[in-house]
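Per-entry structural report
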Amino acid sequence: SGDVKTLGAAAENQASDQRTAAVALAATSLKTAIDAGKPFEKELAYFASLDGASADAIAALQPYAQGGVPTLADLQSSFGSVANAILKASKPDATGMGETLIGNQQNLVSVRPSGAEEGDTPRAVVGRMTAALGSGDLRSMLSEASSLPEAAQTAAKPFLSDVEARASTNDLLLSAFAQTPAAQ
């Protein structure tokens, strides 16, 4: 009778270990697809089919599954033109002929800051956004962007939506991994 109980317990442990491994493997497959910037409907469906997968994280990832989300590298490479659009949208409208000429000359050359800069000017904010994006700190980048003038936020809106999608997906992946049996 003791041998049967021992065998039963061993079989339960083995089944539990197999479930844990399956959830961990599915979570890794899901993360790989998301990190590649590709749609991840199949990976999410498989992850969702397993016991131990986080229902909340699955539901939150669903809106992004069909189209995928941009990679961090994609966001970093496309930010230059967005930064220029932010700075351009932040410039006050020229009223006189002299201001118009100066504005036209400034539009020929756009100098963006490359690192963290003090102050609340759009140029300083773009510098901090650049630094945050460069280090992969998307939540800080979004926080900085919220302090931009409305016209600059409007100019950057599609890009900022992509950053929010990537940041949310990263957060949700961390949550999903934390709730898998392997992480506990």
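The structure presented is a predicted model; accordingly, all values stated were derived computationally and were not measured. (Residues numbered from 1 in each chain as written. Predicted model: local features only at pLDDT ≥ 70, side-chain atom pairs only at ≥ 80, totals over all residues. Heavy atoms only, no water.)

**Considering the overall build of the protein chain**
Cut-off, in case you're wondering: In DSSP terms, a helix is any run of H or I states spanning at least four residues, a strand is any run of E spanning at least two, and both are numbered starting from the N terminus. For every residue, the accessible area obtained with a 1.4 Å probe (protein chains only) is divided by the maximum for its type, and the residue is called buried under 20%, exposed over 50%, and partly exposed between those limits. By the convention used here, residues are in contact when the closest approach between their heavy atoms is within 4.5 Å.
Across its full length, the protein chain carries 8 helices and 0 strands. Secondary structure elements in the protein chain, listed N-terminal to C-terminal, are α-α-α-α-α-α-α-α. In the protein chain, buried positions account for 29% of the 184 residues. Sequence-distant contacts, at least 24 apart, represent 64% of the contacts inside the protein chain between residues at least 6 apart.

**Things to note about the confidence of the model for the protein chain**
To keep it simple, the criterion reads: Each residue gets a pLDDT score, which is the predictor's confidence in that residue and runs from 0 to 100.
Taken residue by residue, the protein chain gives an average pLDDT of 81. The fraction at 70 or more is 72%. Here helix 5 (residues 97-108) stands out as the element of the protein chain with the lowest mean pLDDT, 49, in contrast to helix 7 (residues 138-145), whose mean of 97 is the highest. For residues 106-112, every residue scores under 50 in pLDDT, and the model assigns this stretch 10 contacts once sequence neighbours within four places are set aside.

**A few points about the nonpolar core**
Test applied: What makes a nonpolar core is a set of buried Ala, Val, Leu, Ile, Met, Phe, Trp, Tyr and Cys residues whose side-chain atoms join them at distances within 4.5 Å.
Ranked by internal contacts, the top residues of the largest apolar core, which has 22 residues, are Phe-79, Ile-86, Met-129, Met-141 and Phe-159. Where this core is concerned, the elements lending two or more residues are helix 4 (72-90), helix 6 (122-134), helix 7 and helix 8 (150-178). Setting aside residues no more than four positions away along its own chain, Met-141 makes contact with Phe-79, Met-129, Ala-132, Leu-133, Phe-159 and Val-163. One finds Phe-47, Ala-65, Val-69 and Leu-172 within the second-largest nonpolar core, a separate group that totals 19 residues.

**Section: the packing of aromatic side chains**
Inclusion rule: Pairs were defined over the aromatic rings of Phe, Tyr and Trp, the Trp ring being its six-membered one, requiring ring centres within 6.5 Å. Orientation was assigned from the angle between planes: stacked under 30 degrees, edge-to-face over 60, tilted for the rest.
Applying the stated criterion across every chain, the model contains 1 aromatic pair. Taken together, a centroid distance of 5.4 Å and an interplanar angle of 35 degrees make the contact between Phe-79 and Phe-159 tilted. With Phe-79 in helix 4 and Phe-159 in helix 8, this pair connects stretches of sequence that are 80 residues apart. The two residues Phe-79 and Phe-159 agree in class, both being buried.

**A look at the pattern of salt bridges**
Counted only if it meets this: By definition here, a salt bridge exists when the distance from a side-chain nitrogen of Lys or Arg to a carboxyl oxygen of Asp or Glu is within 4 Å.
Counted according to the given criterion, the structure contains 5 salt bridges. Notably, a salt bridge pairs Asp-35 with Lys-31, separated by 2.4 Å at the nearest N-O pair. Pair noted here: Asp-35 and Lys-31 are both in helix 1 (residues 2-35), with a separation of 4 residues, about one helical turn. Judged by its relative accessible area of 35%, Lys-31 falls in the partly exposed class. Here Arg-139 and Glu-164 are joined by a salt bridge, their closest N and O atoms 3.0 Å apart. Remark: Glu-164 occurs in helix 8 and Arg-139 occurs in helix 7; sequence separation between them is 25 residues. What emerges from the salt-bridge pattern is a single network uniting Lys-31, Asp-35 and Arg-166.

**Overview of the environment of Leu-25**
Within the secondary structure, Leu-25 sits in helix 1. For Leu-25 and Phe-47, which are 22 residues apart along the polypeptide, the C-alpha to C-alpha distance reads 8.8 Å.

**Structural notes on helix 4**
The test is simple: Working rule for helices: expected span equals 1.5 Å times residues minus one. Think of it this way: the bend at a residue is just the angle between two axes, each fitted to seven residues, one set ending at that residue and the other starting at it.
Given a rise of 1.5 Å per residue, 19 residues ought to cover 27 Å, and the 25 Å separating the end C-alpha atoms of helix 4 matches this to within 8%. Along helix 4, the largest kink reaches about 45 degrees and is centred on Phe-79. For helix 4, the complete set of buried residues consists of Leu-75, Phe-79, Gly-80, Val-82, Ala-83, Ile-86 and Leu-87.

**Let's talk about the side chain of Arg-166**
The criterion, for reference: N or O atoms within 3.5 Å of each other form a polar contact, as long as, within protein, one can give a hydrogen and the other can take it, and as long as residues adjacent in sequence are counted only when both atoms are side-chain atoms.
Among the structural elements, Arg-166 can be located in helix 8. Looking at Arg-166, its side chain comes within polar contact range of the side chain of Asp-35, at 3.5 Å. Ignoring sequence-local partners within four residues, the contact set of Arg-166 consists of Ile-34, Asp-35, Val-69, Pro-70, Thr-71, Leu-72, Leu-75 and Leu-138.

**Remarks on the side chain of Ser-168**
Here Ser-168 lies in helix 8. With sequence-adjacent residues up to four places away left out, Ser-168 is seen in contact with Tyr-64 and Arg-139.

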